[in-house]
Amino acid sequence: MSTTETNLDAKAPPPERVPEPAVVLDPALDPGRRSSTARNTSRVPPVPHLIASLRNWLTDLLMPPVCLACQEAIASRDALCPGCWSGVDFIGPPLCDRLGIRLPYSTGGAMISAAAAARPPPYARARAVAHYEGAMRKLVHGLKFRDRHEVRSLFGTWLCRAGSELIEDADVIVPVPLSRSRLLQRRFNQSAILAQEVARISGLPVHTTALHRTRRTQRQVGLSREQRRDNVRGAFEVPRRQLANIQGRRVLLIDDVITTGATAEACTTTLLKAGATDVDVLAVAIVADPLRITT
Ligand SMILES: [Zn+2]
């Protein structure tokens, strides 16, 4: 894949629900305008375009665009170099409709994995952009631990593409919350940043404080399934002032990484108890084998 193809693909908008621009800045691009007007204005670029071009030129001169994962110089902003792009293991069909994990082959229509059939999750559907490894893991670490928030735009685009069916059905977006102590330590909730990006692109309302973490929990890695459930049991609540935002709504829960699924399950159970009609889960990454993850 060429650099151009990579960058165009990374910045391409999701297929649906992208708000229409309120104003067409270039009349030549507006099919509703008469052709004579388009012909005249196509010769002289409008002033806003000239200002934007000059601003972009100056920005590129002062801060040349770099790959979001490895910081190698590239042609466009908010994109990956071809090497890092090829290192992202994107998850596409055929998928388990419930867990969002990749299936070995398609039988046509919606399919359920053996894991989902044996133990159905409380959420309706989960989707993730890619597996939590390689360049994707580096990008998530950058966002969470090194304040590399410039990846938010690319993550938002990817999330809207991977979760297009979920977004189509959702009424509200809610992020997985951090504990108060973790929030004070990190100063931001990465899931809330992702939720706001999905809301900005999709036009859906987002309630970043609809879920509250009542206590700090241990990391889920290395715990047995029962220990994972115990670890997050009762760890979430919907504050009374937020009930009206959840009751009778189909909620799209946003997380950064689905590790074991226990956190998403605990959040879902809390939202359903608070009156949500259904919950879908959307994350930028999912751990293919939780037992092998160390960080
Ligand atoms: Zn790179």
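Look above for the structure.
Reference entry: report on the structure contained in this document.

What counts, and where the lines are drawn
Residues numbered from 1 in each chain as written. Predicted model: local features only at pLDDT ≥ 70, side-chain atom pairs only at ≥ 80, totals over all residues. Helix = DSSP H or I, 4+ residues; strand = E, 2+ residues; numbered from the N terminus. Contact = placed C-beta atoms within 7 Å. Expected span 1.5 Å × (residues − 1). Buried ≥ 20, exposed ≤ 12 C-beta atoms within 10 Å, placed from the backbone. Core = buried A, V, L, I, M, F, W, Y, C linked by C-beta atoms within 7 Å. Domains from an automatic or database assignment. Pairing = 2+ DSSP bridges. Axes fitted to C-alpha atoms, helices over the stretch in contact; angles between N-to-C directions. Parallel < 35°, antiparallel > 145°, perpendicular 65-115°, else oblique. Left-handed = near helix turned anticlockwise from the far one by under 90°. Nonpolar A, V, L, I, M, F, W, Y, C, P; charged D, E, K, R; others polar.

What follows concerns the overall build of the protein chain. Within the protein chain one finds 13 helices and six strands. Long-range pairs, those at least 24 residues apart, make up 70% of the contacts in the protein chain with a sequence separation of at least 6.

Another aspect to go through is helix α3 (residues 47–62). Compared with an ideal rise of 1.5 Å per residue, which puts 16 residues at 22 Å, α3 spans 23 Å between its outermost C-alpha atoms and is within 8% of the ideal. Counting buried residues along α3, only zero of its 16 residues qualify, which leaves the element largely exposed.

Here we take up the nonpolar core. In terms of nonpolar packing, the biggest core is built from 70 residues, with Ala-128, Leu-159, Ile-173, Val-251, Leu-253, Val-284 and Ala-285 touching the most fellow members. A domain-level breakdown of this core finds at least three residues from each of domain 1 (3–84) and domain 2 (88–292). Beyond its immediate chain neighbours, meaning those up to four positions away, Ala-128 contacts Ile-91, Gly-100, Ala-162, Ile-258, Ala-283, Val-284, Ala-285 and Ile-286.

Our focus in this paragraph is the sheet that holds strand β2 (residues 172–175). Strands in a sheet are paired, the pairing made by backbone hydrogen bonds, and the direction either parallel or antiparallel. Here four strands make up an open sheet; going across it, the order is β1-β6-β5-β2 and the pairing parallel. In this open sheet, the two edge strands, each paired with only one partner strand, are β1 (125–131) and β2. Strand-to-strand, the axes of this sheet are offset by a mean angle of 20°, without reference to chain direction. Helix α7 (residues 152–162) rests against β1 and β6 (278–286) of the sheet, and its axis sits at about 135° to β1.

Take the packing of helix α11 (residues 225–232) against helix α13 (residues 262–273) next. Between α11 and α13, the least distance of the axes is 9 Å, while the angle of their chain directions is 45°. One element, α11, and the other, α13, form an angle in the oblique class. Judged by the twist between their axes, the crossing of α11 over α13 is right-handed. Residue-level inspection shows Arg-228, Arg-229 and Val-232 of α11 in contact with α13, the latter providing Ala-262, Thr-263 and Ala-266.

Cis geometry is adopted by the peptide bond preceding Pro-94, which originates at Pro-93 and carries an omega value of 0°. Its identity as a non-glycine residue notwithstanding, Gln-71 has a phi of 65°, on the positive side. Relative to the helices and strands, Gln-71 resides in the loop between α3 and α4 (82–86). According to the C-beta neighbour criterion, Gln-71 is exposed, with 12 such atoms within 10 Å.

Residues of β2 alternate between two faces, with Val-172 and Val-174 on one and Ile-173 and Pro-175 on the opposite face, all of them buried. One ladder, built from four bridges, connects β2 with strand β5 (residues 250–258); its direction is parallel. If you follow Pro-175 over to β5, its bridge partner there is Ile-254.

This part covers the pairing of β1. Among the seven residues in β1, six count as buried, and that is most of the element. In terms of strand pairing, β1 meets β6 through six bridges, oriented parallel. Within β6, the residue paired with Ala-126 across the bridge is Val-281.

Turning our eyes to something else, we now look at the environment of Gly-248. Relative to the assigned elements, Gly-248 resides in the loop between α12 (243–246) and β5. Apart from the residues within four sequence positions on either side, Gly-248 is in contact with Gly-275 and Thr-277.

Checked against the element boundaries, Gly-83 lands in helix α4. Sequence separation between Gly-83 and Ala-135 is 52 residues, and the spatial gap between their C-alpha atoms is 9.1 Å.

Bringing the environment of Glu-265 into the picture now. For Glu-265, the position within the fold is in helix α13. Sequence separation of Glu-265 and Arg-229 is 36 residues, and the distance between their C-alpha atoms is 8.7 Å. Each residue touching Glu-265, except ones within four places of it in the same chain, is listed here: Pro-121 and Pro-122.

Turning next to the packing of α7 against helix α10 (residues 190–202). Interaxial distance between α7 and α10 falls to 9 Å at its minimum, and their mutual angle equals 65°. Judged by the sense of rotation from one axis to the other, the crossing of α7 with α10 is right-handed. Across from Arg-152, Ser-153, Phe-155, Gly-156, Leu-159 and Cys-160 in α7, the residues of α10 making contact are Ile-193, Leu-194, Glu-197, Val-198, Arg-200, Ile-201 and Ser-202. Here the residues of the contact of α7 with α10 sort into seven nonpolar, three polar and three charged.

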